[in-house]
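These are the residues of each chain, in order.
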Amino acid sequence: MCGIMGYAGRNNAIPVITHGLSNLEYRGYDSAGIAIFKDGQIMITKKAGRLADLVKAIGEPPAANLGIGHTRWATHGVPSDVNAHPHADCSGRIAIVHNGIIENYAALRKELILEGHDFISDTDTEVVAHLVEKFYADSLENAVRKALNYIEGSFALAVISQEEPDKIIAAKKDSPLIVGLGAGENYIASDIPAILGKTDKVYILDDYEFVVVTAEGVTITDFSGNLINKEIFNVTWDPISAEKAGYEHFMLKEIHEQPDAIRQTLRGKIKDGLVDFSEQGLDELFDDVKKIYMVACGTAYHAGLVGRLAIEKIARLPVETDIASEFRYRDVLWSPGDLMIVISQSGETADTLAVLREAQRNGVKVLAVTNVVGSSIAREADKVLYTYAGPEIAVASTKAYSTQLVIMYLLALYLAKKRKTYDQKTLAGLGKELLDMDVMTEKVLQEEEKIKRLAGKYQNVESTFFLGRGLDYAVAMEGALKLKEISYIHAEAYAAGELKHGPLALIDTGVPVLALISQDALAAKSMSNIKEVKARGAVVVAVCKENLQEVCQECDEQILLPDVNPLLAPIVSVIPLQMFAYYMAIFRGADVDKPRNLAKSVTVE
Ligand code: M6R
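Throughout, residues of each chain are indexed from 1 in the direction in which the sequence is written. With pLDDT at 70 or above as the cut-off, local features in this predicted model cover only qualifying residues; side-chain atom pairs require 80 or more to be listed or tallied, and sums for whole chains, interfaces and linings still use all residues. Remark: hydrogens and water are excluded; side-chain values derive from all non-hydrogen atoms of the structure.

(A) Highlighting the overall build of the protein. Counting its regular elements, the protein contains 18 helices and 26 strands. With C-alpha atoms as the basis for the radius of gyration, the globule rule is written as 2.2 Å multiplied by the number of residues raised to the power 0.38. Its C-alpha atoms give the protein a radius of gyration of 25 Å, within 12% of the compact-globule value 25 Å for 605 residues. Each residue is placed in one exposure class: buried if its accessible area under a 1.4 Å probe, protein chains only, is under 20% of its type's maximum, exposed if it is over 50%, and partly exposed if it falls in between. Burial analysis of the protein (605 residues in total) assigns 60% to the buried set. Accessible surface area values rest on a Shrake-Rupley calculation with a 1.4 Å probe, where residue burial reflects the displayed protein chains alone. Of the roughly 22700 Å² that the protein leaves accessible, carbon and sulfur atoms contribute 48%. Only four residue types enter the tally: Lys and Arg on the positive side, Asp and Glu on the negative side, with His and both chain ends excluded. For charged residues, the charge sits on one atom: NZ in Lys, CZ in Arg, CG in Asp, CD in Glu. Charge separation in the protein, taken as the distance between the mean sites of 63 positive and 82 negative side-chain charges, equals 4 Å. For helices the rule is a DSSP run of H or I covering at least 4 residues; for strands it is a run of E covering at least 2, with both sets numbered from the N terminus onward.

Okay, here's the thing in structure tokens:
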């Protein structure tokens, strides 16, 4: 879960690389480093801390036309100057950056030490630098190829050598890597945002691909050296989408981008009120489906919980939603007619990818719901439904979640049409309501000042609860995750009816409870549970639909949602929770876009 950036061209490599890394910091941000050539020698600068600390340490960038850089999320070895990448061999003539995990590093390290190599860091990566040194005879390319035969695990690697200062060698297995193609300059990077604004032409590398990048050209082969002809992928993302565009934080920008992201995700998929996936080629995939497994992590898992309830309710098809890191170690009773749906913003989450592969190994077809074209999950799934959220940079997921919800509803409506569980008129009515959700989210965004005021009021609390029933419970889980992730306040989500079976003991005077009340049929029941917490001193903030205001009047505060169909309510009810988490984090002085200990793309188990 690190970010790699490399540049070979005519411009000064350092600003190009550090700018690219700044768009990859979402992948990890506990240390950063860069290697360039200066006076014919490799010069490495690396620092624990944020990229800004590295830029400061570099000062006035020396002239260099080629280099590699890295932003790290520590796996092996604490975040420190010495553990930061790039890593070098004994002689300092080879430098390497790596994303992934070298699983057999301990054995390799032992062997290399016996052979006389000196190690200075605690990282798994350093073994690769020494392996390349060991095999360096005629060319860097051959040395890296030989080293690859010895390493096990996942890697996106970029290597440079003092002997061949005009090239970067890169290779990939199970960690993402792209090559950006410019005129007289070329790039390698972990993800597209790093090269946005520089070029819109990229190669998205597949596993076991090996690249030689110079200013003049790019050669792609397999690990054995056989030439590969790849298609150029045209990036359509607007470079501004990876910038803050006047907002103080990416998270706030991304919260506000939700109406548009919802519009883009819905575009062209509802015809005459009915969902049409013919363009996506999904018709056959669902022909004999009897059961759906939905698997994901974190926020994407929460979207899957909504998907389960929506599909069961309107398409009358059994759905099981599970956490990827748990599902992969279950002994699932696969049956004919099973379909796997994996949900992942990044398309790179290791556990989700492992579940995809496990399902395919068992002959089960996989539909991926992802935001990133060309990601591992998108490439390996049998079919893909893309969310059109645009790049999501903040670690806390917001617009990816709401667009995942849109896809869940589209799937539910599509399956209901296919299985004829409702008449066309009813489904068309729901389709029309789904199309209006962009406008409904715009309305909720207008509650920002009120939510900010509430966050100001509760900023010093130590613990919070989020309650709901049915779909409201699924959203409560997402609200609690958001709050703990960025404000570091303890937050628990509970099914409102479950509280009295234990957790009610934690409710005390002044504990804020955020109660979701958007399900008309369950509102009165939820209110009974709210009374139970109020009776024990809790202060209750109701996030409730306008038409349920009367029911919620005993709550201490109300944040009102438009009167939408209860089935679709999660799309609007999550927004106040995202904003609440954002402002709580701001008031507490937390680093909203880069919360401690986390990274956006979780490519380790
Ligand atoms: O890229 P993915 O959707 O697979 O990521 C899954 C989770 O890591 C992610 O949703 C995480 O929980 C977010 N940081 C939550 O805001």
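(B) Structural context of the site of the ligand. Within the structure, the ligand sits among 15 residues, and S344, Q345, S346, T349 and E485 are positioned closest to it. N or O atoms closer than or at 3.5 Å make up a polar contact, with two conditions inside protein: a donor-capable atom paired with an acceptor-capable one, and, for residues adjacent in sequence, both atoms drawn from side chains. One of the side-chain nitrogen or oxygen atoms of K482 is found 2.8 Å away from an oxygen atom of the ligand. Across the complex, the protein chains shield 90% of the 410 Å² of accessible surface that the ligand would expose by itself. Among the elements of the structure, helix 8 (298–315) and helix 16 (471–487) are those that each provide at least two residues to the shell around the ligand. Amino acids are sorted into nonpolar (Ala, Val, Leu, Ile, Met, Phe, Trp, Tyr, Cys and Pro), charged (Asp, Glu, Lys and Arg) and polar (every other residue, Gly among them). Looking at side-chain class alone, the shell around the ligand contains six nonpolar, seven polar and two charged residues. Domain ranges listed in this record stem from an automatic or a database domain assignment. Both of domain 2 (247–435) and domain 3 (445–605) provide at least three residues apiece to the shell around the ligand. Whether a residue is near a molecule or strand is decided by its heavy atoms; if any one of them lies within 4 Å of it, the residue is near.

(C) Region of the structure containing helix 12 (residues 399–419). Given a rise of 1.5 Å per residue, 21 residues ought to cover 30 Å, and the 30 Å separating the end C-alpha atoms of helix 12 matches this to within 8%. With 18 of its 21 residues buried, helix 12 lies for the most part within the structure. Downstream of helix 12 by a residue or two, K420 has a phi angle that is positive, lying close to 55°. Residue count minus one, scaled by 1.5 Å, sets the expected span of a helix.

(D) Representation of the sheet that holds strand 21 (residues 383–386) in the model. With parallel pairing, five strands are arranged side by side in an open sheet as 18-17-19-20-21. The open sheet has two edge strands, strand 18 (319–323) and strand 21, and neither has a second partner. Neighbour-to-neighbour, the strand axes of this sheet turn through a mean angle of 20°, independent of strand direction. In terms of strand pairing, strand 17 (residues 291–296) meets strand 19 (residues 338–344) through five bridges, oriented parallel. By the bridge assignment, M294 is partnered in strand 19 with I341. Any two residues whose heavy atoms approach within 4.5 Å are treated as being in contact. In this analysis an axis means a line fitted to C-alpha atoms, helices contributing only their contacting stretch, and an angle means the value between N-to-C directions, from 0 to 180 degrees. Of the strands in this sheet, strand 17, strand 19 and strand 20 (365–370) touch helix 10 (residues 350–361), which is tilted by about 165° from strand 19. Paired strands, as defined in this entry, are two strands with at least two bridges between them according to DSSP.

(E) Molecular detail of the domain arrangement of the protein. For the protein, the assigned domains read domain 1 (3–243), domain 2 (247–435) and domain 3 (445–605). Between the C-alpha centres of domain 2 and domain 3 there is a distance of 24 Å. Contacts between the two partners involve 42 residues from domain 2, matched on the other side by 37 residues from domain 3. Accessible area that two parts lose when put together, with a 1.4 Å probe and added across both, is what the buried area reports. With both sides pooled, the region where domain 2 packs onto domain 3 buries about 3200 Å², and carbon together with sulfur makes up 67% of that total. Should a side-chain nitrogen of Lys or Arg be within 4 Å of a carboxyl oxygen of Asp or Glu, the pair is scored as a salt bridge. Applying the counting criterion to the domain 2 and domain 3 interface returns one salt bridge. Ionic pairing is found between E392 and K600, a salt bridge with its closest N-O pair at 2.6 Å. Put simply, domain 2 and domain 3 have 16 residue pairs in polar contact (both at pLDDT 80 or more) between them. No other element matches helix 8, which puts ten residues into the side of domain 2 that touches domain 3. Of the residues contributing to the side of domain 2 that touches domain 3, the split by class is 24 nonpolar, eleven polar and seven charged.

(F) Representation of the packing of aromatic side chains in the model. Between rings of Phe, Tyr and Trp, where Trp is taken as its six-membered ring, a pair exists when centres lie within 6.5 Å; planes separated by under 30 degrees are stacked, by over 60 edge-to-face, and by other angles tilted. Applying the stated criterion across every chain, the model contains ten aromatic pairs. A ring pair is formed by F327 and W334, whose centres lie 5.9 Å apart and whose planes are at 70°; its orientation type is edge-to-face. Put simply, the rings of F155, Y208 and F223 touch in pairs and so form one group of aromatic residues. Sitting over the ring of F210, R145 keeps its end group 3.9 Å from the ring centre. In this scheme, the term charge over a ring applies when either NZ of a lysine or CZ of an arginine sits within 6 Å of the ring centre and within 35 degrees of the ring normal.

(G) Region of interest: the sheet that holds strand 10 (residues 186–189). Sheet architecture is open: eight strands sit in the order 3-2-4-1-10-9-11-14, paired in antiparallel fashion. Each edge of the open sheet is held by one strand with a lone partner, namely strand 3 (41–48) and strand 14 (233–234). As defined by bridge partners, strand 9 (residues 178–181) adjoins strand 10 across four bridges and the pair is classed as antiparallel. Looking at the pairing, V179 lines up with I188 of strand 10. Sheet strands in contact with helix 1 (residues 13–22) are strand 1 (3–8), strand 2 (31–38), strand 4 (66–72) and strand 10, and its direction is about 155° off that of strand 1. Lying over the sheet, helix 2 (residues 51–58) contacts strand 2 and strand 3, oriented at roughly 135° with respect to strand 3.

(H) Main features of the packing of helix 7 (residues 258–266) against helix 14 (residues 437–445). Helix 14 packs onto helix 7 with a crossing angle of 170° between their chain directions and a minimal axis gap of 8 Å. Here helix 7 is positioned roughly antiparallel relative to helix 14, judged by the angle of their axes. Between helix 7, through P259, I262 and R263, and helix 14, the contact on the second element is made entirely by M437, D438, T441, E442 and L445. In the contact of helix 7 with helix 14, the residues fall into four nonpolar, one polar and three charged. Angle categories: roughly parallel below 35 degrees, roughly antiparallel above 145, roughly perpendicular from 65 to 115, and oblique for all the rest.

(I) Structural view of unusual backbone geometry. Cis peptide bonds are those with omega within 30 degrees of zero, and the linkage from H85 to P86 qualifies with 0°. Structurally, P86 is set in the loop between strand 4 and strand 5 (87–88). Residue K420 is not a glycine yet carries a positive backbone phi of 55°. By the element assignment, K420 lies in the loop between helix 12 and helix 13 (424–435). Residue classification places K420 among the exposed residues on the basis of a relative accessible area of 70%. For Y488, which is not a glycine, the phi torsion comes out positive at approximately 65°. Tracing the backbone through its elements, the reader meets Y488 in the loop between helix 16 and strand 23 (490–495).

(J) Representation of the nonpolar core. In this text, buried Ala, Val, Leu, Ile, Met, Phe, Trp, Tyr and Cys residues form a nonpolar core when linked through side-chain atoms within 4.5 Å. Counting 125 residues, the largest nonpolar core has M5, F286, I292, I311, L411 and L434 as its most contacted members. Other than its neighbours up to four places away in sequence, I311 contacts I292, M294, R316, L317, V319, L411, A412 and L415.

(K) Looking closely at the pattern of salt bridges. Within the structure shown, the criterion is met by 39 salt bridges. Across the pair E115 and K134 runs a salt bridge whose closest N-O atoms are separated by 3.1 Å. With E115 in the loop between helix 3 (105–114) and helix 4 (126–135) and K134 in helix 4, this residue pair connects regions lying 19 residues apart in the sequence. By relative accessible area, which is 44% here, E115 ends up partly exposed. Under the relative-accessibility criterion, K134 is labelled partly exposed at 34%. Overlapping salt bridges bring together K173, D174, R357 and E380 as one network.

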